[in-house]
Structures are given as structure tokens and as C-alpha cells.
Amino acid sequence: MKRYVYINDSDTSPDLYRDNRISNRKYTIINFVPKNLYEQFSRFMNKYFLLIACLQLWSLITPVNPASTWGPLIFIFAVSATKEAWDDYNRYISDKQANEKNVWVVKKGIKTRIQAQDIRVGDIVWLRENDEVPCDLVLLGTSESQGVCFLETAALDGETDLKTRVIPPPCAGLTPDLLHKIKGVIECPCPDKDIRRFDANLRLFPPFIDNDLCPLTIKNTLLQSCYLRNTEWACGVAVYTGNETKLGMTRGLPEPKLTAVDAMIDKLTGAIFLFQLVVVVILGVAGNVWKSSEARKKWYVQYPKEGPWYDFIVIPLRFELLCSIMIPISIKVSLDLVKSLYAKFIDWDLHMYDEKSDTPAHAAKRCCINGVCYGNESGDALKGDSDLARAIANKVPEVVKFLTVMAICNTVVPIKSASGSISYKSQSQDEDALVNAASCLHMVLTSKTGNFLDMNFNGLVLRYEILDTLEFTSDRKCMSVVVRDCQNGRIMLLSKGADEAIFPCISSEQQVRPVVEAVEHFAQLGLRTLCLAWRDLKEDEYRDWSIMYKEASSSLIDREWKVAEVCQQLEHNLELLGATAIEDRLQDGVPETIETLRKAGINFWMLTGDKQNTAIQIALLCNFISPEPEGQLLLIQGKNLDEVSRSLERVLLTMRISSTEHKDVAFIVDGWTLEIILKHHYEAFTDLAMLSRTAICCRVTPSQKAQLVELLKACDYRTLAIGDGGNDVRMIQEAHIGVGISGREGLQAARAADFSIGKFRFLKRLILVHGRYSYNRTAFLSQYSFYKSLLICFIQIFFSFVSGVSGTSLFNSFSLMAYNVFYTSVPVLMSVLDKDLSERTVMQHPQILFYCQAGRLLNPSTFAGWFGRSLFHAAVVFLVTIHAYSNEKSEMEELSMVALSGCIWLQAFVITLETNSFTILQHAAIWGNLIAFYVINFIVSTIPWAGMYTIMFRVCKQPAYWLTMLAIIILGMGPITALKYFRYTYRSSAINILQQLERSQPNTHSNPNLEAPIKNMEREVSPLSVTHPKSSKASVYEPLLCESPSTKRAAGVAAFDFLQASPSRLSIIYSRSKNN
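Computed from a predicted model, the values in this text were never measured in an experiment.

### A short note on the overall build of the protein
Stage number 1. When helices and strands are counted, the protein shows 36 helices and 34 strands.
Stage number 2. Within the span of the protein, comprising 1076 residues, buried residues form 54% of the whole.
Stage number 3. Sequence separation of at least 24 residues holds for 75% of the intrachain contacts in the protein that already meet a minimum separation of 6.
Stage number 4. Taken as a whole, the protein presents about 46800 Å² of accessible surface, with 57% of it coming from carbon and sulfur.

### Notes on the sheet that holds strand S11 (residues 221-222)
Stage number 1. The strand order S3-S2-S4-S13-S5-S11 describes an open sheet built from 6 strands, whose pairing is antiparallel. Each end of this open sheet is capped by a strand with a single partner; those strands are strand S3 (110-115) and S11.
Stage number 2. The sheet contact formed by strand S2 (residues 102-107) and S3 spans 6 bridges and is antiparallel. Each bridged residue has a counterpart across the sheet, and for tryptophan 104 the counterpart in S3 is arginine 113.

### What about the packing of helix H25 (residues 762-801) against helix H26 (residues 813-823)?
Stage number 1. Where H25 meets H26, the axes come as close as 11 Å, and the angle between the chain directions of the two elements is 160°. Taken together, the axis directions place H25 and H26 in an arrangement best described as roughly antiparallel. By crossing handedness, the relation of H25 to H26 is classed as right-handed. On H26, the residues touching Lys788, Ser789, Leu791, Ile792 and Gln796 of H25 are Leu816, Tyr819 and Asn820.

### Considering helix H9 (residues 331-348)
Stage number 1. Over its 18 residues, H9 runs 26 Å from end to end, which matches the ideal 26 Å to within 8%, given 1.5 Å per residue.
Stage number 2. By the burial criterion, the buried members of H9 are Ile331, Ser334, Leu335, Val338, Lys339, Tyr342, Ala343 and Ile346.

### What to know about the pattern of salt bridges
Stage number 1. Summed over all chains, the structure comprises 39 salt bridges.
Stage number 2. The shortest N-O distance in the salt bridge between aspartate 88 and arginine 91 comes to 3.0 Å. Within this pair, aspartate 88 and its partner arginine 91 are both found in helix H3 (residues 67-99), separated by 3 residues, close to a single helical turn.
Stage number 3. Under the relative-accessibility criterion, aspartate 88 is labelled buried at 5%.
Stage number 4. Here glutamate 471 ties to lysine 219 by a salt bridge, and the two come within 3.4 Å at their closest N and O atoms. Taken together, the positions of glutamate 471 in the loop between strand S20 (460-470) and strand S21 (478-485) and lysine 219 in the loop between strand S10 (213-216) and S11 put the pair 252 residues apart, joining distant regions of the chain.

### A short note on the packing of helix H7 (residues 260-293) against helix H8 (residues 314-323)
Stage number 1. Packing of H7 against H8 brings their axes to within 8 Å, and their N-to-C directions diverge by 140°. Here H8 runs oblique to H7, going by the angle between their axes. Between H7 and H8 lies a crossing of right-handed hand. Of the residues in H8, those touching H7 at Gln276, Leu277, Val279, Val280, Leu283, Gly284, Gly287, Asn288 and Lys291 are Ile315, Pro316, Phe319, Glu320 and Cys323.
Stage number 2. When grouped by side-chain class, the residues that make up the contact of H7 with H8 number 8 nonpolar, 4 polar and 2 charged.

### What to know about the state of the cysteines
Stage number 1. In this structure the tally under the stated criterion is 0 disulfides.
Stage number 2. No disulfide involves cysteine 367; its nearest neighbouring cysteine sulfur is the one of cysteine 368, lying 7.7 Å away.
Stage number 3. By relative accessible area, cysteine 367 is classed as buried at 6%.

### A closer look at the nonpolar core
Stage number 1. The biggest cluster of nonpolar side chains holds 138 residues, and the ones touching the most others in it are Phe624, Val739, Ile757, Leu763, Ile795 and Tyr961.
Stage number 2. Sorting elements by how many residues they give to this core places H25 first, with 23 residues.
Stage number 3. Once residues lying within four places of it in the same chain are set aside, the contact partners of valine 739 are Leu720, Ala721, Ile722, Gly723, Ile732, Ala753, Phe755, Ile757, Leu763 and Leu766.

### A few points about the pairing of strand S9 (residues 200-204)
Stage number 1. With 4 of 5 residues buried, S9 is to be regarded as a mostly interior element.
Stage number 2. Here strand S8 (residues 184-189) runs beside S9; their pairing, made up of 4 bridges, is antiparallel. Pairing of glycine 184 across the sheet is with leucine 204, part of S9.
Stage number 3. Relative to S10, S9 runs antiparallel, the two being bridged by 4 bridges. Of the residues in S10, the one forming a bridge with leucine 202 is cysteine 214.

### As for the environment of glutamine 704
Stage number 1. Following the sequence through the fold, glutamine 704 ends up in helix H22 (residues 702-714).
Stage number 2. Residue classification places glutamine 704 among the buried residues on the basis of a relative accessible area of 7%.
Stage number 3. The spatial distance from the C-alpha of glutamine 704 to the C-alpha of methionine 731 is 8.6 Å, given a sequence separation of 27 residues.
Stage number 4. The residues touching glutamine 704, leaving out its near neighbours within four places in the chain, are Gly671, Leu674, Glu675 and Arg699.

### Re a nonpolar patch on the surface
Stage number 1. Taken together, the side chains of Leu979, Tyr981, Phe982 and Tyr986 present a nonpolar region at the surface, about 470 Å² in accessible area.
Stage number 2. When you line up the elements, tyrosine 981 lands in helix H34 (residues 959-986).

### A closer look at the environment of leucine 871
Stage number 1. With respect to the secondary-structure elements, leucine 871 resides in helix H30 (residues 860-884).
Stage number 2. A residue is classified by how much of its surface remains accessible, and leucine 871, at 35% relative accessible area, is partly exposed.
Stage number 3. Sequence separation between leucine 871 and leucine 790 is 81 residues, and the spatial gap between their C-alpha atoms is 7.5 Å.
Stage number 4. Non-local contacts of leucine 871, meaning those with residues more than four positions away in its chain, are made with Phe794 and Phe798.

### A few points about the environment of valine 828
Stage number 1. Relative to the elements of secondary structure, valine 828 occurs in helix H27 (residues 825-829).
Stage number 2. For the pair formed by valine 828 and serine 785, sequence separation is 43 residues and the distance between their alpha carbons is 8.2 Å.
Stage number 3. Non-local contacts of valine 828, meaning those with residues more than four positions away in its chain, are made with Phe780, Leu781, Tyr784 and Ile911.

### Observations concerning unusual backbone geometry
Stage number 1. The residue lysine 395 is not glycine, and still its phi comes out positive at about 55°.
Stage number 2. For lysine 395, the location among the structural elements is in the loop between helix H10 (386-393) and helix H11 (397-408).
Stage number 3. For asparagine 573, which is not glycine, the phi torsion reads 50° and is therefore positive.
Stage number 4. Relative to the assigned elements, asparagine 573 resides in the loop between helix H16 (559-570) and strand S24 (575-584).
Stage number 5. Residue classification places asparagine 573 among the partly exposed positions, given a relative accessible area of 47%.

### Topic: the packing of aromatic side chains
Stage number 1. All chains considered together, the criterion is met by 30 aromatic pairs.
Stage number 2. Judged by centre distance (5.0 Å) and plane angle (80°), the ring pair of tyrosine 27 and phenylalanine 32 falls under edge-to-face.
Stage number 3. The exposure class assigned to tyrosine 27 is buried, which follows from its relative accessible area of 2%.
Stage number 4. Above the plane of the ring of phenylalanine 624 lies arginine 598, whose end atom (NZ or CZ) is 5.7 Å from the centre.
Stage number 5. Above the face of the tryptophan 866 ring, arginine 869 is positioned so that its terminal group lies 4.4 Å from the ring centre.

### Examining the sheet that holds strand S1 (residues 2-7)
Stage number 1. Within the open sheet, the 4 strands sit side by side as S1-S8-S9-S10. Their pairing is antiparallel. The open sheet has two edge strands, S1 and S10, and neither has a second partner. Put simply, the sheet's adjacent strands are angled 20° from each other on average, direction ignored.

### Some remarks on the confidence of the model for the protein
Stage number 1. Looking at the protein, pLDDT values average 81 and 86% of them are 70 or higher.
Stage number 2. The model gives residues 1006-1010 a pLDDT under 50, and that stretch makes 9 contacts with residues more than four places away or in other chains.

How each quantity is defined
- Residues numbered from 1 in each chain as written.
- Predicted model: local features only at pLDDT ≥ 70, side-chain atom pairs only at ≥ 80, totals over all residues.
- Heavy atoms only, no water.
- Helix = DSSP H or I, 4+ residues; strand = E, 2+ residues; numbered from the N terminus.
- Buried < 20%, exposed > 50% of the residue type's maximum accessible area, 1.4 Å probe, protein only.
- Contact = heavy atoms within 4.5 Å.
- Areas by Shrake-Rupley, 256 points an atom, 1.4 Å probe, with all protein chains shown as cover.
- Pairing = 2+ DSSP bridges.
- Axes fitted to C-alpha atoms, helices over the stretch in contact; angles between N-to-C directions.
- Parallel < 35°, antiparallel > 145°, perpendicular 65-115°, else oblique.
- Left-handed = near helix turned anticlockwise from the far one by under 90°.
- Expected span 1.5 Å × (residues − 1).
- Salt bridge = Lys/Arg side-chain N within 4 Å of Asp/Glu carboxyl O.
- Nonpolar A, V, L, I, M, F, W, Y, C, P; charged D, E, K, R; others polar.
- Disulfide = S-S within 2.5 Å.
- Core = buried A, V, L, I, M, F, W, Y, C linked by side-chain atoms within 4.5 Å.
- Patch = residues over 30% accessible without salt bridge, like charges linked within 9 Å, V, L, I, M, F, W, Y side chains within 5 Å.
- Phe/Tyr/Trp six-rings, centres within 6.5 Å; stacked < 30°, edge-to-face > 60°.
- Lys NZ or Arg CZ within 6 Å of the ring centre and 35° of its normal.
- pLDDT = per-residue confidence, 0-100.

Set out below in C-alpha cells:
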């Protein structure tokens, strides 16, 4: 499908395309209630509770007032709906401000000021410096004589460097008056969300040009939400408007990721639901049997002699309603709330804040020109290399050509300040490093004006005309420009790119071995290499090729593929000039972070676009792999399918043999070999992935990164991907947990991720501190929520045995409603502040993360413990209460209040016992909640129609009530406390030992006495640290995927995705981006 945009012609199909009104709202006033209810009831648990609430409307079967279920249900729904409404209202306000912003457009040749929402496709929009682009435009004119403007795209793609946008050649030289009258048509694709691609054609109508067709690319566009910078004015024609812009097409809520903790909670909920059904069936049958055999003998039980046909289901339905509270109705809202708090804790963590540094991460350090390597003892070719300085002074032709390619073959834009100094704006850090290096070597890029650029070489001004730019792509892995030397009219092709892309294009007559050896040497030093090449073109050759290139560039179908085909026809028989070596400086703390996370049982995979030797050296520098003899690196390689198969088989066999040895064994594979493996040996590579704790994948594309993440997920690994560039987005989105590093590469990775951090070293704190704390807290909160619900439900079940198995409720409706909403919610929410160990201890001893990875705090076994505790406590409360009041002339309401009070007291002590570190807020929540229980019930007891009139006043006056509370606390908490003390003292886990040492040495910053406990802990969890095959359920490792470092403060951008491994493994994929 195509779209035809008629420029400055409001009479041609004015309503064919939508206006520029932006709408990110999810709801409207009319559809909010039905749509929100539909979304809430799409969850199984909400449907279940709605069914229970509806059944309670049947007066024949409901044991309590329907308000006991409808109240909490409406409250939970109201909280969720209010949050949704508030978020949607904020989106509405943001949309309104954007839609009502005033902009200048040309209407019938006159510049008019209108609101942004009234822009139509085909309108010419006029922008001034620092204006926000209101819709997607094709640039037609700028204030700059060279026909360029500068765009800040941070809001679109997160990249902080300014982008250069150029006007199409047919529009060059048009004055503002002519731009007001311009007419033409743009043939472009229908709206899509690819912000890096725009394949279109422009045709201006006479008298501007004689219908010549001009191809358009993304460099001729101004996209919505970008800002015009360093340009007085620019104008363009609207091609996509409203939600059809490229940014609008990318909007939308990402699909939620199911965490391991959420998955376990879902399984436990299902188990409780099945248990509930079993209980309902048993009690229902027992109730019907008692009703038939015993109830009719009791004169006070007034059952009718003959009931309706459905009489047999009445008692089971009563028990279903009575047992429905086994599943806590508030657990979903509670978990969502604490996840939001976890994200805030990350955002507020000052230890994960880092000031931006102006130190460049990339710098050209060495080079090889015509087989001669340059670089002094410090390894820097730019400082003090006398041989290179002498060659430049003597204007050695090969050196001049080399520097010319460095300065010209790029997309860098020189910016001259008022003082005359020149700075460079670049989309690639490598290009920025090369141009600055050329400048230091006296080949200074001074200006770019339209298709012309000027350079200053040792005081000599050189001028070149850029005829064509063959852009870099991840498939081509190289970039070329065709230029004309204005001094002599020669046409030249200048190329730079990866060695694997340049070497095959070199003339067969040239000796390339010295450069190949230099490239290998630079790679072994951990430097990133680029090869530079050159070729003179004949006028006829260029003319014929230019026609084919223009035709390919004008294609709207498969343009990128056709352009690449045409580029190959020119990029051959090149003269290899040499190679550059760029230092990609390692961030502070990277080796230490990787080493620490390895101790925590995390596997690492590094995915990079660097060449093999560079990747190996960087892996050694950052402790990613161990040198010989401690470590061994296995190479998977081959020139064809048979060689790759044999190599993979050898590596797999070696890995299986070495798995029994205490040796750090890793494998390395390049992108070309990986493509063969994933296509023909997927299962074998999967087996290798499960055996490997470390892997390096070099020369991989963004799609291969995502494929590897998918493969690791299929191996039952839980994956975390971390990256800092746009080429890491697919990998980050594919992983279970995505972490983006914000920095010079932009914010694309950070915005696509679940979490954003400023430095790679912050990953250690994100996982060990925030990840571990959040797992511990959520494990307690979720199990405690089930505990408190089961406790009250078991008491109801026990009561049914003394009430004729009739399904009668011991507790009144208000008590049941307040129990879930008020009495038990606040104290447990304060568990988000609990810390079992200090942050310092956690960071010093990362091995304790094994407990989280093994699911030691949330699994069927621990849940069974809480289940048993609730059953035991229910028995204590019920039996003590019944026994204490067996001889008292008490009403049922009094008995109910005593039992409810016992539950509240027990839960206060349970939370106290399970809390590791107390704060004022936690004390206030626990004991303040206990006081609030009595205050609320005293107030309700003063209301005659509440069903509890004077109850609280009567029971509190009775000494038996307080003795009963004391007995419940002693009998209920005594065995639990004794068992906990026994485990803590005589069967201590490593965490218990660290807690004891912390409490005995609270102010010690260096704990020499911790060495022995840590060794004990390592022995205790050592069975967990063995990587098992997929079928094993004892393995704990999961893959973690990572990228290179950057700066900025950490921010939780999504609800915390817990870094906890269910019975599966944990691993990190470490990826390094490479932009040319």
C-alpha cells in the first residue's frame, strides 16, 4: 500500500487522512466503566470472587451478609479503577497540551498560526529554533545555506547527539517565498513504526522542476517529538499525522512479563482452590448426611420435611461461600502495590546514582598505514609518535589518503563556535573518535555545506564534493562515500568498515598480510579495529553506476536490499590503506561486578559485534573468562557445514568431560558460524548452552542476540539481558528481565527495558540488594496473605463440626469484611521495609543469593509450613475459646469476638516473630493496628443496628477474655518460637550465621570472622551450584544477558521483575554494542 501526499494542496482529498490529534488515552468517559470492568473480570480470580459475591445474594445459602464479600470486592475494584483513571487522566492532560500547542503552517500561500491538532497531511509546517516537531515531516527548506538542519531525537530514540537532516536536492536553493508556493507529490509507504527507515519518492510540479523523481530517506525527515536545534528555521510537509506518526505507531503498553514469583503464587493459588473444592465436597456430603440422619431428630432444628429439588446442593454451596476466603481477595492489589514500592526504592537508591563524566569512552589509540604500525610506548599514536609526525610533515601519499578517509568517510557534522573552535556532532562514537584523531593529526574537517566539505591539512585548504553516501548497515558492516576532489576533478570511493567486510573487496594484486597481522595484534590488545580503503573511479563508470544507484534508491519495495546489491558493484578492487585501533574504555567496576555475580551463581554470556580477538581480550580484562591454566576457551569455527559440525561436536565432548573438573571452561563462536549452528544443529547447541557457564558470541547481529536469548529461555534458564544501545533492544525485550544502561549510546535500551541503570557496576546492587530484598519480602507477603485467610477459614470449618455441619458462619459480616480490608493488611505491607541482612553483608557475601535462586523462601515446602501454621493456630484459637467459654452464658457474638481477637493477637506476634529488622513504622503498624482493632470494634459496638451492640464492652470486662488471649498467645506462639529458636541455634543456615555475627558485631566494617561461616554456607549450597540438564529440577542457574556501561541514575521503569530462579538456572548475557 502506498500513500500519495500532495504538497500544499488542501483541495486534494482533504479528509482522506486523519488530522493531527494525538490520543494516548485508554478510556473515554462513556466506556470507562464497562471497559475497566471487562479488563478486571478478564482475570480468573476476579471472576471467581464475582461468582462468590453473586451466590451470596441467594439468601437461602449465604451464611453471612453479602456485604462481607461485596465490600472487599468493590473496594479492590475501586482501588484498581482509581489508579487506571488517574493514569488515563494524566495521559489526557498530556495529549491536550500537545494538541493545543500553536504552530505555523502555510495555507494557500499564507503563513497561518493554528493548533497542532488541526494540521493535515500535505500542509507545510514552519518550525523555529527549539520548536518541537508536531508531526512527521519531509524537510523542504532550512535557514542554512547548505540545506541542513540539526535535530535532537532524544525523545524519539534516546540518542543524545544531534542528528543532521538534509533537504532533498530538488528543493536546494528555494527561498522562503518559493517554499510558500511549492507544489508536488510525495509517494510514500503507509504509516509504520520503523523510526530508522523512510523509503519514499518526491516529485515537484513545474515551474519548480520538470517532474524529476527524487528518492527520500529517513535523513530527509523530521519526526514527531524531536526538537529543532542550532537552526534558525526549517519547514516541511506533513506526511504522517496524529497517531499515524512513527512515534504514534510505537506507542502502546508492553506485554507484562510473568515473574518466577508470580508463577509460583499462581500455582499455589491453584492448589488452594483444589483443596477448597475437596473440603467443600466433603463437608457438603457430611452436612447432607447429618441433616438426613440427625437434624430432623432435634426439635430446635426446623428443617422442612420435604425441600425443593435443589436442596442437596444448598449445604455444599454454603460451605463454598464459607471457604471462599481461603484465597485472599486482596493479594493481587497488595503485590502490585509493593512492586511499585520496590521500583521506588531503586529510584531512591543514592548508591546507584552517578554523575555524568565528560571523559570519552572511545579514543583512537593506534593505527597501521601501508603496513607500518604507529603508536608510542603508551600505545597512543596521537601523542609523540615521531615517525607518524614525520610522515605527515612530508605528506607521504599513503598517509594523506589514510587521513583523508578518516576525516571524510563519516556522517560527522562540524560545528564552529563564535570563538572559532570546531566541535563535532556524531551519531557514532567510533566516527567521533576517528574524526578527532584526524584533527589531531592535522587533517581537520572544518565545514560541511550542502554536498561540499572543506578540510585543512597543514594550512592547505582542501575541498571535496560528496556525490553519494553508501550508508553503514549491520548486514554490510561497512560505509563508503563517493567524492569528487574539487582541486583536480578526480572521483574517488572512500570506504571504512570491519575487516571481514573490507578484506574481500581488496584488489588481488595488493599484499594485505601486514595489515591483517596488525589488525590481529590490535585485537589482542583489546582494541576495536576498522579498516580503511580507497579506489579511484572513472567518470563513465561512476555515471553508469549512479543511474543504477538512483533507481535502487527510488524503489519503495526492498529498497535496502537493492541498494546493498548496487553498492557491491562499486565496492571492489579497493586499495587497502590501513587500519585504525580504537580503545573502548571499560567502565569502572565491571570486572568486580562480574566476579561478584559469578559468586552468586550467575552464568554470563557476552554478545558483541567486535571481532573475535577483541572480544577475547575484553573478556579477559573484565574477568569474564579466566586465563590459562585456570580457564580454558574452546573455539567453535568452520568454513562450511561439515567443519562447523565437527568443531561443535569436539567442543561439546570437551565440555561434558570438563564438567566434572574444577576448571573455568568457556566457548566462543562468531556470528557466521552461529547462523549455521542455529539452522542445522539447534539441539546440540542447546545441550552445549546447558553445560556452559560462560560463552562469548562475537560478530553477532541484533536478531542473533534475540535468538540466543530465546534459546536460553527454552533451556529453562531465567534470563536477564543488559545493554546500552539500540541494537540491544530486541535482546532486552526478549529476556525475562531487561536492564538498559543509559549513556552516550542513547536511551533506546533504557526505555525498552524493565529497569534503567546508569553504570554496569550498578547491576550488582540491583540484583544482590534490590532483587534479593524484593524476593524475600514478596515471599513473606504472599504466604502470609494465604496464612491469614486460611486461619479464619479453618476456624469456620472447626465451628461447623459443633454446629451440625450446616455451613453456619461463626463470624458476622462486618468482622469478615474488616478482617481482610483493615485488620490484617497494614502490618504485612510494612514488610517492604524488612531486611534480614544489612546491605553491606549482602554485597560482601553474594553466595547467599543461592537461597533466592533455589526458591528457598517460596516453594511448596515453605507454603506447606505456613499452611500447617494456619491449621495449628486455628485449632488453638477455636479450642481455647470453646473451652474457656464452655461454662459461660455467652452469646454466639461474644464467642465470635473472642475468636477474632485471638486471631488478631496471634497475627501481631507472627509478624513480629518473622520480622528481622524493626523500624518505627513497623512498630507503629503492628501495635497501632492492634489498638485500631479495639477502637474500631468499640465504635461499632455502640451502633444498635450493626449486629455487635455492646459486644466489645461486655467481653473486655470479663477476666476470662484476657486470660483467653494470653492462653492463645502462649499456646499458639510457644511451639512456633521454640522451633524457630532450635533451627536458629542448632541447625543454623548460612544466613542465620551471618545474622548472628551481625548482631554480635554490629559496627564492624571488616568481618574477619565471617570467613568460616561463608565456607560453611558454600558447602551447604554447593549442590545447588551444579549446572544440571534440562530435566533436572535441582538446578538454580539462569541466564543473565548483558551489554556495555554508561552513566545516569538508576530508575525502576516497571514493576519489579524479581530476579528469582524457580527450579531453573540463572545466567547473564553480556553484550557489547558496536556502532559504525
